[in-house]
Amino acid sequence: MVLFLFLLLLAMVLGIIGAVAHGLLYLLIIAIALFVADLTYAGLRLRRGSGRHAVR
């Protein structure tokens, strides 16, 4: 969960810098790619975690 939030925060910061600063459009593109990777990571974690649980 910490990794998910850190990557989300990093994507937001890079996106804001890339959108505001002139000539740093590549940071916006990196932020979008990082955001998509973060959503994929979270989706895989949720899918894997919702499986059958061990019964004690």
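What comes next is a walk through the structure. (Residues numbered from 1 in each chain as written. Predicted model: local features only at pLDDT ≥ 70, side-chain atom pairs only at ≥ 80, totals over all residues. Heavy atoms only, no water.)

Attention now moves to the overall build of the chain. Within the chain, the secondary structure is distributed over two helices and zero strands. Taking all 56 residues of the chain together, 20% fall into the buried category. Within the structure as shown, the chain displays about 4,800 Å² of accessible surface, and the carbon and sulfur contribution to it stands at 75%. (Helix = DSSP H or I, 4+ residues; strand = E, 2+ residues; numbered from the N terminus. Buried < 20%, exposed > 50% of the residue type's maximum accessible area, 1.4 Å probe, protein only. Areas by Shrake-Rupley, 256 points an atom, 1.4 Å probe, with all protein chains shown as cover.)

Looking at the secondary structure, you find A19 in helix α1 (residues 2-20). A C-alpha to C-alpha distance of 9.6 Å links A19 and I29, two positions 10 residues apart in sequence.

Our focus in this paragraph is a nonpolar patch on the surface. Nonpolar side chains collect at one region of the surface, where I32, F35, V36 and L39 lie side by side and expose about 360 Å² of accessible area between them. You can see F35 is positioned in helix α2 (residues 25-49). F35 gets classed as partly exposed once you look at its relative accessible area, which sits at 36%. (Patch = residues over 30% accessible without salt bridge, like charges linked within 9 Å, V, L, I, M, F, W, Y side chains within 5 Å. Salt bridge = Lys/Arg side-chain N within 4 Å of Asp/Glu carboxyl O.)

What follows covers the side chain of D38. Take D38: it is sitting in helix α2. Not counting the four nearest positions on each side in its chain, D38 is found in contact with F4, L7 and L8. (Contact = heavy atoms within 4.5 Å.)

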